[in-house]
Amino acid sequence: MGLTLIRKAKDTQRSKRKSKIALVLAGGAMTGGAFKMGGLKALNDYLVGRDIADLDIYVGLSAGALLSVPLAAGLTPDEIIEVLDGVSNRFEPLRPVDLYTPNVAELVGRPAKLAWEFARWGPNAVLDLLRGLPGLPTTFHDALGELLRSPDYLHVERMALRLRDEVSPRAAFPELSDVVPSGLMTNAPLERWLRRGLAKIGVSNEFAAFAAERRNQLYLAACELDTAERVIFGAGEHTGVSISEAVQASTALPIFYQPARLGGVDYIDGAVRNTANIDVAIDKGADLVICYNPFRPIWNDPLPSLPHGRRITDQGLKGVLNQVFRTLLQSRLRLGLERYRHHAQFQGDIVLLEPKEHDLDFFAMNPLAYWKRDAAVRHGYESVRHTIEHSFHELDELLSSHGLRMSQAVASRRAAAVVRERGWNVAANQRPLRGARQARDDRKSLRQYS
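Residue positions are given per chain, counting from 1 as you read along its sequence in written order. Restriction of local features to residues with pLDDT of at least 70 applies here, the model being predicted, together with a cutoff of 80 or more for giving and counting side-chain atom pairs; totals for whole chains, interfaces and linings are based on all residues. Calculated side-chain values reflect all of the structure's heavy atoms, with hydrogen atoms and water omitted.

You'll find the protein entered in an unreviewed UniProt entry as Patatin-like phospholipase, with Enhygromyxa salina given as the organism.

Q: Would you mind showing me how to read the pairing of strand β13 (residues 349-353) here?
A: Consecutive residues of a regular strand have side chains that alternate between opposite faces of the sheet. Relative accessibility under 20% of the residue-type maximum defines a buried residue, over 50% an exposed one, and the middle range a partly exposed one, all with a 1.4 Å probe and only protein chains included. Note on conventions: DSSP H or I runs of at least 4 residues are helices, E runs of at least 2 residues are strands, and numbering of each starts at the N terminus. Within β13, five of the five residues are buried, which leaves it mostly tucked inside the rest of the structure. Side chains D349, V351 and L353 project from β13 onto one buried face, and the interleaved I350 and L352 project onto a second face that is buried too. Where strand β1 (residues 3-7) and β13 come together, five bridges link them in antiparallel fashion. What sits directly across from R7, in β13, is D349. Two strands make a pair as long as DSSP finds a minimum of two bridges between them. Relative to β13, strand β12 (residues 288-292) runs parallel, the two being bridged by five bridges. In the strand pairing of β13, C291 is matched with L352.

Q: When you look at the UniProt feature "domain: PNPLA" (unreviewed entry) in the protein in this model, what are you seeing that I'm missing?
A: UniProt positions are given in the numbering used here, feature names are shortened, and annotations may be inferred rather than shown by experiment. When the UniProt feature table is mapped onto this chain, "domain: PNPLA" (unreviewed entry) is found at residues 24-282. Between the end C-alpha atoms of residues 24-282 there is a gap of 10 Å, over a span that is 51% helix and 15% strand.

Q: I tried to follow the environment of G202 on my own but got confused; where do I start?
A: As for its position among the elements, G202 is in the loop between α9 (188-200) and α10 (207-214). Considered as a pair, G202 and A73 are 129 residues apart in the sequence and their alpha carbons are 9.5 Å apart.

Q: Mind showing me how you'd approach the nonpolar core here?
A: Where a protein is soluble and globular, its nonpolar side chains tend to be buried together. By size, the foremost hydrophobic cluster in this structure holds 107 residues, and its most contacted members are I278 and L399. The element contributing the most residues to this core is helix α2 (residues 29-46), with eight residues. Non-local contacts of L399, meaning those with residues more than four positions away in its chain, are made with L47, L288, I290, V351, L404 and M406. Buried Ala, Val, Leu, Ile, Met, Phe, Trp, Tyr and Cys residues that are joined via side-chain atoms within 4.5 Å together make up what is termed a nonpolar core. Only heavy atoms matter for contacts: two residues are in contact if any of them lie within 4.5 Å across the pair.

Q: Would you mind showing me how to read the packing of helix α7 (residues 136-149) against helix α8 (residues 153-167) here?
A: Helix-helix packing is characterised by the crossing angle of the two axes and by the distance between the axes. Angular values range over 0 to 180 degrees, each being the angle between N-to-C directions of two axes fitted as lines to C-alpha atoms, with helices fitted over their stretch in contact. Between α7 and α8, the shortest axis-to-axis distance is 9 Å and the interhelical angle comes to 170°. Here α7 lies roughly antiparallel to α8, going by the angle between them. Contacts between α7 and α8 involve L136, T139, F140, D142, A143, L144, E146 and L147 from the first element and H155, V156, M159, R162, L163, E166 and V167 from the second. Three residue categories are used. Nonpolar comprises Ala, Val, Leu, Ile, Met, Phe, Trp, Tyr, Cys and Pro, charged comprises Asp, Glu, Lys and Arg, and polar comprises the others, including Gly. Here the contact of α7 with α8 is composed, by residue class, of nine nonpolar, two polar and four charged. Angular relationships are summarised with four words: roughly parallel below 35 degrees, roughly antiparallel beyond 145, roughly perpendicular across 65 to 115, and oblique for the angles in between.

Q: Hey, could you run me through the domain arrangement of the protein in this one?
A: For an interface, size is often stated in terms of accessible area lost upon the parts coming together. Either an automatic procedure or a domain database provided the assignment from which the domain bounds are taken. Assigned domains within the protein: domain 1 (2-102 + 186-422) and domain 2 (104-179). Computed from C-alpha atoms alone, the centre-to-centre distance between domain 1 and domain 2 is 53 Å.

Q: What should I look at first to understand the packing of aromatic side chains in this one?
A: By convention here, two paired aromatic rings are described through the distance between centres and the angle between planes. Classification of ring pairs uses Phe, Tyr and Trp, with its six-membered ring standing for Trp, and accepts pairs whose centres are within 6.5 Å; under 30 degrees between planes counts as stacked, over 60 as edge-to-face, and the remaining range as tilted. Scanning all chains against the criterion turns up nine aromatic pairs. For the ring pair F35 and Y292, a centre distance of 6.4 Å and an interplane angle of 65° mean the geometry is edge-to-face. Here Y292 lies in strand β12 and F35 lies in helix α2, a separation of 257 residues in the sequence. With a relative accessible area of 0%, F35 lands in the buried category. Centre to centre, the rings of F256 and Y257 are 4.9 Å apart; their planes meet at 70°, and the pair counts as edge-to-face. This pair shows no difference in class: F256 is buried, exactly as Y257 is. Of the aromatic side chains, those joined through ring pairs into one cluster are F35, Y292 and F362. Here the basic side chain of R339 rests over the ring of Y340, its NZ or CZ set 5.3 Å away from the ring centre. Think of it as a cone above the ring: NZ of Lys or CZ of Arg counts as a charge over the ring if it is within 6 Å of the ring centre and within 35 degrees of the ring normal. Over the ring of Y370 we find R373; its NZ or CZ atom is 4.0 Å from the centre of that ring.

Structure follows, in structure tokens:
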């Protein structure tokens, strides 16, 4: 199953005040972000009276940062999926050019700079050679004498180095590696897209004003490249950049995107430093943390009797790196969860949603494939809906203790609407509602909140 629950809150503590609920979204790139959006819609379909866009704290990094902002701004998962579909009348469509704009400045500028350095180095190297030629016989004579007195490899090497130094150019040979850009793409267009979107819905792009308007807390994480330190952007934290710029910093995936230089500081993807930043939500007073991590290592369990192609190595380096990357991210997250499980000061609850460990289809999706977003949304929706159905009573009990009510009847009706609108077959393999009493309670919730 893709659900982990850590329960530490005491009923006596909850009754004293309203629970503070946080949504923490890890990274995931393009398909991971779409997968999360589908999963959040599935979870939202079960909620009655309050939804995912009406929580107290939002913490995001990488793709999770990009999704946290519109959620904190009041857009529901359905509305954000409309943005991904390109049919929203609130946000501009998220276009391929917003995600895949080549880093032209470096792709062209670095080779040009290297060519200029070679053009300067060549003549200087010839001049240094000519300057060294007069002293070469003397150097050769001295080195040869040493070699004849001690004919071994060490003196052969010394002789070669002395001759080289005599005629070598004084200027260093240009580094061929300097031609490689700091990132193939730039995510500056993504920052501009989000900036325009916030302006269109009339929400401030500054953290302090955003918090005052929305009456919630938004925190986005990135990693400062030159110090490797985590940076948290948000009201009461680092506020030297706008919200859209913080998303640009948090989503600057190394190699694919160039580092985001903001205020003279270079930032890279927040997932380089942390997987989910649950600690930020806890430090801000969250009693319930709902965390969604889309990158989980696959449990492949290959058998000799199975057809070829089931082993991860059959996918080549892509499959190996995919599994390694997911393992590193989830291992850090699991270590953090265990720390909070035994942390004396933290007395809240944590809900962790992840893909199922045998989800080979999602594992095989290219994380950067924009054209796979619809399939990823559907897959995330089906995954979380299936997970909730198999653990409904336990999850319902935990969430209701924090004031979040769930209804299977409401979720079933909303799932039927998804089938009609998108052609998704998501309800056929779900377990039926449990018993007549549960059905009556859900029908009552449906009448009251739908």
